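Letter by letter, the chains look like this.
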Amino acid sequence: MADLFTHLLVPYILLTITSWRVDWLDEGWVVVGMGGAAIPDLQKIRIVFDTAIIRQNLGIPFSLAPFSTVGGVLLVAGLITLLFEREEWRRVYGLITFGGVTALVLDGMRAYADGRASAWLNPFTEWRPPTPSLYVSSDPAILIGILLLAVLVWFVNRQVVNS
């Protein structure tokens, strides 16, 4: 869960700072972008639901792995976008995609045993880019650091920018 929470906080930080210069980007739109950051973590549904049961109920071959790829983010972002009013589609799709890609980039910087990130660039390539191995998902220092930065951005947004 720390990984998901970090994935949600990073777009919050980036989009809130961006909102200081972009008039239409208010708190509601920031939340839309944050929601996109949860898309790559949809693959963790397998912790609760067995994919064999999902496959059986759908009646088609099914895998959760594509959710944590660029192709999965683009597809799910498109499906979510359809739930919004047509005149907001471009904005919604852009924000959701931004959040999802942000989460994928963060995952690409994690430490992997073989020094290569997952194939998150799929379906465009199967290449697994080298990772800088900046952090381990379970490291609480990463979550605490991002949380402190998010609180600082929240405070500046409330007290300085929106005052």
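Residues numbered from 1 in each chain as written. Predicted model: local features only at pLDDT ≥ 70, side-chain atom pairs only at ≥ 80, totals over all residues. Heavy atoms only, no water.

The grouping of Phe 5, Leu 147, Val 151, Trp 154 and Phe 155 at the surface amounts to a nonpolar patch, some 460 Å² of accessible area in total. No other element matches the 4 residues that helix 6 (residues 140–161) contributes to the nonpolar patch. Inspection of the secondary structure puts Trp 154 in helix 6. (Patch = residues over 30% accessible without salt bridge, like charges linked within 9 Å, V, L, I, M, F, W, Y side chains within 5 Å. Areas by Shrake-Rupley, 256 points an atom, 1.4 Å probe, with all protein chains shown as cover. Salt bridge = Lys/Arg side-chain N within 4 Å of Asp/Glu carboxyl O. Helix = DSSP H or I, 4+ residues; strand = E, 2+ residues; numbered from the N terminus.)

The next subject is the confidence of the model for the chain. Of all residues in the chain, 98% attain a pLDDT of 70 or more, and the chain-wide mean is 89. Confidence scores differ between elements of the chain, with helix 3 (residues 51–58) showing the lowest mean pLDDT of 81 and helix 2 (residues 27–36) the highest of 96. (pLDDT = per-residue confidence, 0-100.)

All chains considered together, the criterion is met by 7 salt bridges. Of the charged contacts in the structure, one is a salt bridge between Asp 41 and Lys 44, with a shortest N-O distance of 3.2 Å. Assessed through its relative accessible area of 32%, Lys 44 is described here as partly exposed. Between Glu 88 and Arg 91 there is a salt bridge, with its nearest N and O atoms 3.9 Å apart. Judged by its relative accessible area of 23%, Glu 88 falls in the partly exposed class. A residue is classified by how much of its surface remains accessible, and Arg 91, at 30% relative accessible area, is partly exposed. One salt-bridge network, in which partners are shared between bridges, spans Asp 3, Asp 41, Lys 44, Asp 107 and Arg 110. (Buried < 20%, exposed > 50% of the residue type's maximum accessible area, 1.4 Å probe, protein only.)

Here Val 156 shows up in helix 6. Distance from Val 156 to Thr 16, taken between C-alpha atoms, is 10.0 Å for residues 140 residues apart in sequence. Apart from residues no more than four positions distant in its own chain, Val 156 is found in contact with Trp 20 and Val 161. (Contact = heavy atoms within 4.5 Å.)

Attention now goes to the packing of helix 2 against helix 5 (residues 89–108). Geometry of a packed helix pair, given as the angle between the helix axes and the separation of the axes. Where helix 2 meets helix 5, the closest approach of the two axes is 6 Å, and the angle between their N-to-C directions is 50 degrees. Viewed along their axes, helix 2 and helix 5 adopt a mutual orientation that is oblique. Crossing geometry of helix 2 relative to helix 5 is assigned as right-handed. Contacts between helix 2 and helix 5 involve Trp 29, Val 32, Gly 33 and Gly 36 from the former and Arg 91, Val 92, Leu 95, Ile 96, Gly 99 and Gly 100 from the latter. Residue composition of the contact of helix 2 with helix 5, by class: 5 nonpolar, 4 polar and 1 charged. (Axes fitted to C-alpha atoms, helices over the stretch in contact; angles between N-to-C directions. Parallel < 35°, antiparallel > 145°, perpendicular 65-115°, else oblique. Left-handed = near helix turned anticlockwise from the far one by under 90°. Nonpolar A, V, L, I, M, F, W, Y, C, P; charged D, E, K, R; others polar.)

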